[in-house]
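# Commentary on secondary and tertiary structure
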Amino acid sequence: TQLLEQSPQFLSIQEGENLTVYCNSSSVFSSLQWYRQEPGEGPVLLVTVVTGGEVKKLKRLTFQFGDARKDSSLHITAAQPGDTGLYLCAVRLRAGSYQLTFGKGTKLSVIP
Amino acid sequence: DAMVIQNPRYQVTQFGKPVTLSCSQTLNHNVMYWYQQKSSQAPKLLFHYYDKDFNNEADTPDNFQSRRPNTSFCFLDIRSPGLGDAAMYLCATSRVLGTAVSYEQYFGPGTRLTVT
């Protein structure tokens, strides 16, 4: 059983469409991070959310941390081909630790 | 630019032939990590160094070893690669001080290992 369930696993959309991907768990976390991994590259941090109910915006990307700090969503407005990649959520299993556990990711393809 | 560098980007080795993957960083971070990522799977932490202290994950096979001769360099040694070890190997770093809420990890581009 995966600690972090990301859905959908694959998503293919047309340029200009909106989309939401999800990261869910039955566990409570002190913080959650979203990374984007482009093909052939390592993951790059997009955002860290800490407070339940927190919403953070990064240009066309909106991140939300669930009120109970068990889940998170990433919404992309007007997707562009440059958004193509693997979106990974990651958490620390124990407060005070610095190691991350990753979800399997959502593989997004934005078609021009 | 400060960065995490992995060499080579692509590595082909034979079944059972030892192979070493390299990682270097110019960020002067105190923690370095090695992850294994197979197709359509999450990056899986193999081990990490906190300064010179080596921390192995419980389920990391003995076939995998690591060395960190100094702050900047870290190596992943696979003593006898099997076909199941074919994967992307990612090196990452972070600067861990005190008890911050979260730490960003900076990843290298990865080395894709093929075992023939």
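The paragraphs below set out a description of the structure included in this document. (Residues numbered from 1 in each chain as written. Chains lettered and ligands numbered in written order. Predicted model: local features only at pLDDT ≥ 70, side-chain atom pairs only at ≥ 80, totals over all residues. Heavy atoms only, no water.)

## Focus: the overall build of chain B
Tallying secondary structure elements over chain B gives zero helices and eleven strands in all. Helices and strands appear in chain B in the N-to-C order β-β-β-β-β-β-β-β-β-β-β. For chain B, the spread of C-alpha atoms along the principal axes amounts to about 45 × 30 × 30 Å. Burial status across chain B gives 47% buried among its 116 residues. Of the contacts made within chain B by residues no fewer than 6 positions apart, 57% connect residues no fewer than 24 positions apart. (Helix = DSSP H or I, 4+ residues; strand = E, 2+ residues; numbered from the N terminus. Buried < 20%, exposed > 50% of the residue type's maximum accessible area, 1.4 Å probe, protein only. Contact = heavy atoms within 4.5 Å.)

## So, the packing of aromatic side chains
Think of a pair of aromatic rings as described by two things: how far the centres are apart, and how the planes are tilted against each other in angle. Summed over the entire model, instances satisfying the criterion amount to ten aromatic pairs over all chains. An angle of 75° between the planes, with centres 6.0 Å apart, marks the rings of F102 of chain A and F107 of chain B as edge-to-face. Placement of F102 of chain A in strand β10 (residues 101-102) and of F107 of chain B in strand β10 (residues 106-107) is noted, with the two residues assigned to different chains. Each member of the pair, F102 of chain A as well as F107 of chain B, carries the same accessibility label: buried. Geometrically, the ring pair formed by F47 of chain B and F54 of chain B is tilted, given 5.4 Å between the ring centres and 50° between the ring planes. We classify F54 of chain B as partly exposed; its relative accessible area is 38%. Connected via pairs of aromatic rings, a cluster forms that spans Y35 and F102 of chain A together with Y33, Y35 and F107 of chain B. (Phe/Tyr/Trp six-rings, centres within 6.5 Å; stacked < 30°, edge-to-face > 60°.)

## A few points about the sheet that holds strand β8 (residues 71-76) of chain A
All names here are of chain A. Pairing is antiparallel in the open sheet, where five strands are placed in the order β1-β3-β8-β7-β6. Of all the strands in the sheet, the pair left with one neighbour each is β1 (5-7) and β6 (55-58). Sheet twist, expressed as the average angle between the axes of neighbouring strands with direction ignored, equals 15°. Across three bridges, β1 lies against strand β3 (residues 19-24) in antiparallel orientation. For E5, the partnering residue across the bridge sits in β3 and is N24. (Pairing = 2+ DSSP bridges. Axes fitted to C-alpha atoms, helices over the stretch in contact; angles between N-to-C directions.)

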